[in-house]
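Residue-level structural notes
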Amino acid sequence: MMEKKVDLSVNIAGLGLKNPVIAASGTFGFGREYSAFFDLSMLGGIAVKGLTLKPRKGNPPPRIAETPAGILNSVGLQNPGVHAFIKDEIPFLRRYDTAIIANASGNTVEEYEEMVRILSDADVDAIELNLSCPNVKEGCMVFGSTASGIEQVVSRVRKSCKKPLIVKLTPNVTDISELARAAEAAGADAVSLINTLLGMAIDAKTRRPVLGNITGGLSGPAVKPIALRMVYEVSRAIKIPVIGMGGITTGTDVAEFLLAGASAVMIGTAGFVNPYAWVEAIDGLEQYMAENGFSSVSELIGGLIV
Amino acid sequence: MMEKKVDLSVNIAGLGLKNPVIAASGTFGFGREYSAFFDLSMLGGIAVKGLTLKPRKGNPPPRIAETPAGILNSVGLQNPGVHAFIKDEIPFLRRYDTAIIANASGNTVEEYEEMVRILSDADVDAIELNLSCPNVKEGCMVFGSTASGIEQVVSRVRKSCKKPLIVKLTPNVTDISELARAAEAAGADAVSLINTLLGMAIDAKTRRPVLGNITGGLSGPAVKPIALRMVYEVSRAIKIPVIGMGGITTGTDVAEFLLAGASAVMIGTAGFVNPYAWVEAIDGLEQYMAENGFSSVSELIGGLIV
Amino acid sequence: MNLVHRIGSIKRLNEDTFLMTIESPEIAASGKPGQFVNVRCGGPDAYLRRPFSICRIDRDRGTFDIGVQVRGKGTQALSAMGEGDPIDIMGPLGRGFSLDSNDRRIAVVGGGIGVFPLLQLLREHPASEKLALLGFRTRDQVVMEEDFRKECHELSISTDDGSYGVPGFVTSLLEKKLNEKQFDRVFICGPAPMMKRAAEICKQKNIPCEVSLEERMGCGLGACLVCACKVRMNGDWDYAHVCKDGPVFSGDSVIFE
Amino acid sequence: MNLVHRIGSIKRLNEDTFLMTIESPEIAASGKPGQFVNVRCGGPDAYLRRPFSICRIDRDRGTFDIGVQVRGKGTQALSAMGEGDPIDIMGPLGRGFSLDSNDRRIAVVGGGIGVFPLLQLLREHPASEKLALLGFRTRDQVVMEEDFRKECHELSISTDDGSYGVPGFVTSLLEKKLNEKQFDRVFICGPAPMMKRAAEICKQKNIPCEVSLEERMGCGLGACLVCACKVRMNGDWDYAHVCKDGPVFSGDSVIFE
Ligand SMILES: Cc1cc2nc3c(=O)[nH]c(=O)nc-3n(C[C@H](O)[C@H](O)[C@H](O)COP(=O)(O)OP(=O)(O)OC[C@H]3O[C@@H](n4cnc5c(N)ncnc54)[C@H](O)[C@@H]3O)c2cc1C
Ligand SMILES: Cc1cc2nc3c(=O)[nH]c(=O)nc-3n(C[C@H](O)[C@H](O)[C@H](O)COP(=O)(O)OP(=O)(O)OC[C@H]3O[C@@H](n4cnc5c(N)ncnc54)[C@H](O)[C@@H]3O)c2cc1C
Ligand SMILES: Cc1cc2nc3c(=O)[nH]c(=O)nc-3n(C[C@H](O)[C@H](O)[C@H](O)COP(=O)(O)O)c2cc1C
Ligand SMILES: Cc1cc2nc3c(=O)[nH]c(=O)nc-3n(C[C@H](O)[C@H](O)[C@H](O)COP(=O)(O)O)c2cc1C
Ligand code: FES
Ligand code: FES
């Protein structure tokens, strides 16, 4: 391990992170599995598996398809429900010195509100409002695809939200900046993007879709150029911080997202291939910064020369 | 070469093609370069480089960036203008027995109309209206991102269009089916999709965008899952034929797009890596059909079992 | 967890199947029958890891074997690797077969590449009488016959087309054997329809069985929830996860569709 | 066009640069100095082909050489290939240097990996007097000195840091030589700022020159229009394309930015 010469810490809307690398929701469970590989305290934060009010079974298998430089998933928010999370998972996660970000979905505005009310009283550091899961018919895409839908949900939950509120945006729209502005106007403390791009895989032999749910969400390196462009656009459209994600694999990828305007990043799919992806990205960022003369992450954020 | 046992011909809105594989606009120039590699008469058709009324210089270099399983381009419709095309290129292309599809862009509705009028009197087999180039500030994305914009342009050009009219759609929207329905309602004979997805690449070393134009259009295998999903959606939303494209590389890929609902396909980026991509895809499709008991392409179209 | 191991040797089993010996004292020491490893195959298009069952463990040498059938891009790339090459493997993963010393007479039922995890099970199981029933499509597909013969008291092979051994499905063999004798437990691995039928047969005879399921995987660890399979739970059903709750499940609990 | 060729031999030139001999009677027969080939490097992340200049042709043996400096993913993957391996190469492509028998005294000016295309030019050019000026960053970067010495009448090497040959930029060398003697044409290849300066010097002396440009490529054939470079045209400017109109352009026509 290199001697720490650079300051990796960032502060997002009052949420202090020791470094800008957060595990992306849905790819890291509740952290237990990866705790066998590295000390979770090394992470800037953990966005836990997407939660709903009641337990959800999720979509029928197969739920994953491999695509060129990426994957499609159609998990469909399988989770034990927010109460089980609070009871069974928070105590485990709190053993580690890392930010806990609760990722919350609802079927209705009321459910979003109740989720936020419950999580505001729970021991989490921030709430990420998932308004962008493409794998469920209710909630997410209904509200998350339009500025007015986002405005409606975010302004409602804002009142009862006592934690930093991050709104997670979908890339499956004509103008993601418009969504970001709506989230900002309605009181979000930060936005995170991108969730997955709606896609499909077909098995020509069987003539059937590969996924049980027919369509799924695309993530991984394949989507990185799209994610990077959206982060660049959104960070110029709003004043609140942007958490960038989509295909990030290396420390250099992290640097690119920060340069494009992100204040922190999340990593998901890359961890399926390499269980050390998150910590290697942190090391890689540190190395990039040292080699390129950056002493603090804040110097990188939005530092793209155009 | 295998003995032809299967019928590869398709008919799209009165345009008969000997097989469903068309070279995608902008990736095949006006055919001259690839005529050194294979007999252009082997192709179902050729969509020529995007044309405008006046010659266009295009965007500053670099105009290409490599991304995971794909590329970004920001050519920006460099072309010699529609008149030079008619004078210099059609006579060459007509030496081959393949459909000529003129890809046309304009800055204003009037320009689109004039392009269609000019091309209607030229010796081309169909006109593909490019309402989806993400690399120019005018025309394409202004009209192409909304149903009303598409309705406006297509209904205007329809009157003066004497050739099969294909409308090329952008994937950078919330609901591409809505665009397709607008094109159909306004009188399009077919739609083609997808054009490129707006993306970006950053060189972390130089801290600059890789492309001279900052953003560019993503194509190649990386986008295939998104393209396939959109073709599936659109072909269920409209009655006119769909020409599918986005990352197609092999004959199996072609089969997947046909199963999803496309009546023909276009191939672009794959040809940069393999100059024989188009003809190998035709062979591959034929082989797939023979192995899987299809005797005519029409049996494949929309044949997905869901 | 150390991910980098080394390919010891490669042995071709038939036209499209090979046995790969991997040098890994860690996995050899901790691996259990029925567990799997998740392998980065490389190749331009195989992005995700691929799961393979642990087929044999040589704890003295610090090696273990996987049997691989070439199917698509990943297994293709794997087949191009050579002896001595480094290989990126996560493992051992998942829940393996139960090794219960109360089980005195056991049978294993394997179909095709499903035979692989059963070999190490036979090697380690404490039972005093072990029957192995292996089914293959055709003569050319028969693999590891001698290896199995050494590890059991009775071996029967069937082929679907009758080109080798007993003609017909391995499930018919199972039915016959269960009619002849009482078994304490049956261990099943193979194509889903075969496992479904085999589990039904065991249920009819009231013999507990375990099945090893396959499902497409992401993380291989239980974190991403993609590898769902339907199981009975509290009078209802739920999705369990093949990588963490399995790949081995009690035949009773699985809902085959 | 046949795309599959074979790697004959590989010779390391320095820490990050190697010379690869490729067996291809077709390309050896038709290739001209200054033309390039487009190579599929393979590797998980190098999707596009990579362009490399033809550095030397052995028409008798039916082989040609490319000099490769390892920079990123593609050249990295290329460096992992071995002698005898098949390799996917398109070529020869583009317009090479002009070989004009009226040019009796010529100079070539190369910077870094820009020296590679100049070697075959010297070998084939009909001039009776040939001067080679090669510039490198530092001593360790100097490549192919002896190969060049054999093909010219005078060779001068400069290094930016003065660790070998004449200290300073190769453009200063050029200026000095042009002050000493009249040349009929100068051929230039290297980093853009170096080519710009060298072309300016030639212009001042009224000596025609040719430059070999680099630009990121897609098709490599002139079909996709991505490899644009600014050239003077009819009193105005336009984008020409490096892969088809070049890579060699008359120094006069190029607008360096
Ligand atoms: C727990 C477990 C144990 C296994 N043990 C063995 C073994 O010992 N020997 C062996 O030859 N095979 C085994 N398999 C199947 C093996 O994982 C697949 O054959 C292999 O992943 C196919 O990869 P491919 O790249 O060749 O095929 P591709 O079709 O290119 O794979 C594309 C994607 O589908 C997945 N996939 C394809 N087929 C299967 C399948 N049958 N099950 C799960 N995912 C699949 C791949 O992992 C990949 O993500 C096992 C599978 C599981 C889940
Ligand atoms: C006409 C021509 C002739 C060349 N001749 C030689 C030669 O003889 N020897 C040699 O070592 N190099 C030569 N180059 C440069 C060589 O093509 C690049 O160094 C190489 O493409 C880098 O690939 P990479 O995968 O290592 O780098 P990466 O950075 O991973 O490449 C990413 C992308 O950028 C492109 N790219 C990167 N650098 C360059 C560059 N300088 N010019 C054009 N495209 C680039 C690549 O082709 C690829 O598309 C030549 C370039 C051109 C255009
Ligand atoms: C298997 C899987 C499950 C996911 N589940 C969720 C989820 O529950 N909530 C959410 O907001 N995003 C979810 N996502 C999206 C990721 O958090 C992330 O936005 C996306 O995968 C892009 O990042 P990546 O390319 O680094 O994976 C999921 C992604 C994957 C691959
Ligand atoms: C270099 C390049 C130039 C393109 N130019 C055009 C164009 O002029 N008109 C157009 O309609 N589409 C253009 N496209 C889009 C392609 O026709 C096609 O829609 C897209 O590339 C997806 O297909 P592919 O993945 O097979 O390349 C261009 C694509 C590339 C890569
Ligand atoms: S593969 Fe991720 S939970 Fe099983
Ligand atoms: S690379 Fe396609 S035109 Fe030059």
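Points about the interface of chain A and chain C
Facing 30 residues of chain A, the contacting portion of chain C comprises 29 residues. Summed over both partners, the interface of chain A with chain C comes to about 2600 Å²; 61% of that surface belongs to carbon and sulfur atoms. Contact with chain C buries area across many residues of chain A, yet Lys57(A), Glu66(A) and Val273(A) alone supply 26% of it, more than any other trio. Viewed at the interface, chain C and chain A are joined by four salt bridges. Between Lys57(A) and Asp236(C) there is a salt bridge, with the nearest N and O atoms lying 3.5 Å from each other. Counting every contact that joins chain A to chain C gives 12 residue pairs in polar contact (both at pLDDT 80 or more). Of all the elements, helix H8 (residues 270-273) of chain A adds the most residues to the side of chain A that touches chain C, at three residues.

Some thoughts on the interface of chain A and chain B
Facing the 44 residues of chain A at the interface are 44 residues of chain B. When the buried area of chain A at its contact with chain B is split by residue, Met200(A), Ile202(A) and Arg207(A) rank highest and sum to 18% of it. One can count zero salt bridges joining chain A with chain B. Looking at the side of chain A that touches chain B, the elements with two or more residues in it are strand S11 (197-200), strand S13 (208-209), strand S14 (215-219), helix H6 (224-237), helix H7 (251-260) and helix H9 (277-291) of chain A. The leading source of residues in the side of chain A that touches chain B is H6(A), at six residues.

Comments concerning the domain arrangement of chain C
Interface size is often expressed as the accessible area that is lost when the parts come together. All names here are of chain C. Split into domains, chain C comes out as domain 1 (2-93) and domain 2 (105-213). Relative placement of domain 1 and domain 2: their C-alpha centres are 23 Å apart. Across the contact, 18 residues belong to domain 1 and 13 residues belong to domain 2. Both sides together, the interface formed by domain 1 and domain 2 hides about 1400 Å², and carbon and sulfur atoms give 56% of it. Sorting the residues of domain 1 by area buried against domain 2 places Pro-33, Cys-55 and Arg-56 first, and these three jointly supply 37% of that buried surface. For the pair domain 1 and domain 2, the number of links is two salt bridges. The residue Glu-124 makes a salt bridge to Arg-59 at a minimum N-O spacing of 3.0 Å. Summed over the shared surface of domain 1 and domain 2, the result is seven residue pairs in polar contact (both at pLDDT 80 or more).

Thoughts on the site of ligand 4
All names here are of chain B. In the neighbourhood of ligand 4, 23 residues make up the surrounding shell, with Ser-25, Lys-168, Gly-247, Gly-268 and Thr-269 lying closest. Take Thr-269: an N or O atom from its side chain is 2.6 Å from an oxygen atom of ligand 4. The protein chains hide 98% of the 610 Å² of surface that ligand 4 would expose on its own. In terms of residue class, the shell around ligand 4 is built from six nonpolar, 15 polar and two charged.

So, the site of ligand 3
Of all residues adjacent to ligand 3, which total 24 residues, the nearest are Ser25(A), Lys168(A), Gly220(A), Gly247(A) and Thr269(A). Near ligand 3, the surrounding residues belong to chains A and C. One of the side-chain nitrogen or oxygen atoms of Asn103(A) is found 2.9 Å away from an oxygen atom of ligand 3. Contact between ligand 3 and Gly220(A): an oxygen atom at 2.9 Å from a main-chain N or O atom of the residue. Taken by itself ligand 3 offers 600 Å² of open surface, and the protein chains cover 98% of this. Here the shell around ligand 3 is built from residues that sort into seven nonpolar, 15 polar and two charged.

Parameters at a glance
- Sequence positions are assigned chain by chain, starting from 1 and proceeding in written order.
- All chains are assigned letters beginning with A, and all ligands numbers beginning with 1, in the order in which they are written.
- Since the coordinates come from a predicted model, pLDDT governs what is reported: local features require at least 70, and pairs of side-chain atoms require 80 or more to be given and counted, while whole-chain, interface and lining totals use all residues.
- Hydrogens are left out, water is left out, and the side-chain values use all remaining heavy atoms of the structure.
- A contact between two residues is defined here by any heavy atoms of the two lying within 4.5 Å.
- Note: buried area is the sum, over both parts, of the accessible area (probe 1.4 Å) each one loses when the two are combined.
- We count a salt bridge whenever a side-chain nitrogen from Lys or Arg sits within 4 Å of a carboxyl oxygen from Asp or Glu.
- For the purposes of these results, a polar contact is taken to be a pair of N or O atoms within 3.5 Å, where, inside protein, one atom must be able to donate a hydrogen and its partner to accept one; residues adjacent in sequence count only when each atom of the pair is a side-chain atom.
- Secondary structure counts use DSSP, requiring at least four H or I residues in a row for a helix and at least two E residues in a row for a strand, with both numbered from the N terminus.
- A domain assignment, automatic or from a database, supplies the domain bounds used here.
- Here a residue is near a molecule or strand as soon as one of its heavy atoms is found within 4 Å of it.
- Only the protein chains shown count as covering a residue, and every accessible area follows the Shrake-Rupley method with a 1.4 Å probe.
- By the convention adopted, Pro, Cys, Tyr, Trp, Phe, Met, Ile, Leu, Val and Ala count as nonpolar, Lys, Arg, Asp and Glu as charged, and the other residues, Gly among them, as polar.

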